[in-house]
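# Chain and residue survey
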Amino acid sequence: MHDIRAVRADPAAFDAALARRGLAPCSAAILARDEARRAAQSALQDKQTRRNAIAKEIGMAKRQGGDTSALEAEAVALRDEMAALDAAATEAEREQTVLLEALPNLLDAEVPDGADETSNVILHQHGEIPNLAFAPKQHFELGEALGLMDFGTATKLAGARFTVLKGALARLERALGQWMITLHTEQHAYSETSVPLLVNDATMYGTGQLPKFGEDLFRTTDDRWLIPTAEVPLTNFAREEILGEADLPIRLTALTPCFRSEAGSAGRDTRGMLRQHQFWKVEMVSITTQEQSAEEHERMTRCAERVLTELGLTWRRVFLCAGDTGFGAARTYDLEVWLPGQQAWREISSCSNCRDFQARRMNGRYKPKEGKGNLFLHTLNGSGVAVGRALIAVMETYQQEDGSILVPEVLRPWMGGIEKIAR
């Protein structure tokens with residue numbers, strides 16, 4: 001959500017900032033509602049002042065035995081006029097909110113210009129692209145050949161974009177999630193959290209999923225929502241709270257299933273596990289002061305990078321351009337991993353600094369050590385990382401010519417010492 005005072009102060013700058021995302025100017029429409037609301041509220045105050053004065057005049061006239069019928073008629077008329085003004089102010093505020101809540105966050109000045117992912121900037125790469133001595137297979141070819149990845153049964157049970165994992169691959173998926181969350185809690189100072197997988201409208205609204213992205217979500221018959229990421233409940237810990245600066249930053253992590261309808265991805269990644277309706281993910285969330293968030297963004301991204309490094313994967317950090325940065329983010333780093341079977345880079349983690357955009361929607365604030373008043377928190381989120389995509393990367397990176405898959409050394413203790421997955 002945006003601060004209406006910032007729009008009033010410099011509407012041209014506000015429009016220019018949104019133009020970087022390819023949006024048309026909208027400050028005039030927002031300010032028209034704002035002016036209508038303020039005018040109605042001002043008129044309402046004037047009429048309330050007059051109504052208070054009338055009440056005193058009626059009392060005085062009655063004590064003196066005078067006629068109060070004209071004053072009483074004016075009071076009745078004022079009551080009706082005040083009701084109409086109150087309704088007008090409420091409606092103007094509602095329209096203003098509808099306009100503001102549909103707008104994405106303003107981008108950091110350093111975010112590269114560009115309309116889509118082709119303008120993203122590669123910042124650095126870790127590791128060399130593997131040069132396998134045989135033609136590498138994709139993860140679904142490996143999994144099906146091993147008899148441990150079953151898309152047919154998943155389709156029978158639930159439909160498209162689901163997967164059944166069996167035996168050692170199911171255990172490898174579990175090992176990845178357990179190892180990641182242990183790494184973040186024991187070595188990266190995140191607090192492990194178990195959160196609801198079903199949340200209410202206010203929780204989805206607070207992180208920006210509603211109202212704009214309702215079609216990308218799954219809703220239950222009792223009007224709750226399945227979480228698309230643990231970012232949603234974790235970030236909302238700060239909703240309607242006033243935290244002390246001394247308690248910040250707060251770092252939270254959770255390993256949860258995630259649920260997405262993939263409404264806008266028809267025809268994309270239909271083979272395999274890359275784009276699923278249900279998947280596991282380790283999420284990192286940080287709640288900080290305004291001064292802490294820039295460094296916290298770098299720190300969070302390094303935590304995700306360490307996961308990929310310790311798994312022995314080839315990865316790179318990418319600075320997303322204006323047209324590819326998500327709705328709630330001011331700036332985002334994507335981590336992309338090399339998939340030998342696809343011969344392509346694919347996103348495996350996204351780490352974003354949302355600054356005060358989500359906190360304004362949630363009314364999450366903190367009390368600074370110095371100065372008066374409360375300030376809006378800054379919130380950050382990052383994948384630490386997507387378990388299913390990490391499984392894909394491990395399978396394709398560690399595949400052998402005979403179709404078996406070596407288990408990365410860091411995961412072997414979580415696999416009961418298993419070193420290789422073979423048929």
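Residues numbered from 1 in each chain as written. Predicted model: local features only at pLDDT ≥ 70, side-chain atom pairs only at ≥ 80, totals over all residues. Heavy atoms only, no water.

### Quick word on the overall build of the protein chain
Of regular secondary structure, the protein chain possesses 12 helices and 18 strands. For a compact globule of 423 residues, the expected C-alpha radius of gyration is about 22 Å, and the protein chain comes in at 27 Å, more than 25% above that figure. For the protein chain, the residues scored as buried account for 48% of the 423 residues in total. Contacts in the protein chain between residues far apart in sequence, at least 24 positions, make up 73% of those at least 6 positions apart. About 19700 Å² of surface is accessible on the protein chain, with carbon and sulfur atoms providing 49% of the total. Each charge class in the protein chain was averaged separately, 49 positive and 59 negative side chains, and the resulting centres sit 2 Å apart. (Helix = DSSP H or I, 4+ residues; strand = E, 2+ residues; numbered from the N terminus. Rg over C-alpha atoms; globule rule 2.2 N^0.38 Å. Buried < 20%, exposed > 50% of the residue type's maximum accessible area, 1.4 Å probe, protein only. Contact = heavy atoms within 4.5 Å. Areas by Shrake-Rupley, 256 points an atom, 1.4 Å probe, with all protein chains shown as cover. Lys, Arg positive; Asp, Glu negative; His and termini not counted. Charge placed at Lys NZ, Arg CZ, Asp CG, Glu CD.)

### Some thoughts on the UniProt feature "binding site: ATP" (unreviewed entry) in the protein chain
UniProt feature "binding site: ATP" (unreviewed entry): in the numbering of this structure it lies at Arg260, Ser261, Glu262, Glu347, Ile348, Ser349 and Ser350. By the secondary structure assignment, Ile348 is in strand S13 (residues 344-355). The buried category is assigned to Ile348, whose relative accessible area is 1%. The contacts of Ile348, once residues within four sequence positions are left out, are Leu308, Leu335, Glu336, Val337, Ser383, Val385, Ala386, Arg389 and Ala390. (UniProt positions renumbered as here; feature names shortened; annotations may be inferred.)

### Overview of helix H12 (residues 387-397)
The buried fraction of H12 amounts to 11 of the 11 residues, a majority that puts the element mostly inside the structure. Among all positions in H12, only Val387, Gly388, Arg389, Ala390, Leu391, Ile392, Ala393, Val394, Met395, Glu396 and Thr397 are buried.

### Some points on the domain arrangement of the protein chain
What the domain assignment reports for the protein chain is domain 1 (4-102) and domain 2 (117-421). Each of domain 1 and domain 2 has a C-alpha centre, and the two are 45 Å apart. Between domain 1 and domain 2, a total of about 600 Å² is buried, with carbon and sulfur atoms accounting for 39% of that surface. Of all residues in domain 1, Arg21, Glu101 and Ala102 bury the most surface against domain 2, accounting for 79% of the area lost on that side. Summed over the shared surface of domain 1 and domain 2, the result is zero salt bridges. The tally of links between domain 1 and domain 2 comes to five residue pairs in polar contact (both at pLDDT 80 or more). Of the residues belonging to the side of domain 1 that touches domain 2, the class tally is one nonpolar, one polar and three charged. (Domains from an automatic or database assignment. Buried area = accessible area lost by both parts, 1.4 Å probe. Salt bridge = Lys/Arg side-chain N within 4 Å of Asp/Glu carboxyl O. Polar contact = N/O pair within 3.5 Å; in protein donor to acceptor, adjacent residues only side chain to side chain. Nonpolar A, V, L, I, M, F, W, Y, C, P; charged D, E, K, R; others polar.)

### A few points about the nonpolar core
Among the nonpolar cores identified, the biggest contains 47 residues, and Leu176, Met180 and Ile421 are the most heavily contacted of them. Looking at this core, the elements that each hand over two or more residues are helix H5 (139-146), helix H7 (167-187), strand S10 (278-288), helix H10 (293-310), strand S12 (331-339), S13, strand S16 (378-386) and H12. Once you skip the residues sitting within four places of it in the chain, Leu176 turns out to touch Leu311, Val387, Ala390, Leu391, Val394 and Leu411. Of all hydrophobic cores here, the second largest spans 15 residues; its members include Leu243, Ala254, Ile287 and Tyr366. (Core = buried A, V, L, I, M, F, W, Y, C linked by side-chain atoms within 4.5 Å.)

### Description of the sheet that holds strand S15 (residues 375-376)
The three strands are arranged S8-S14-S15 in an open sheet whose pairing can be described as mixed. The open sheet has two edge strands with one neighbour each: strand S8 (242-244) and S15. Bridge count for S8 against strand S14 (residues 365-367) is three bridges, and the pairing is parallel. What sits directly across from Leu243, in S14, is Tyr366. (Pairing = 2+ DSSP bridges.)

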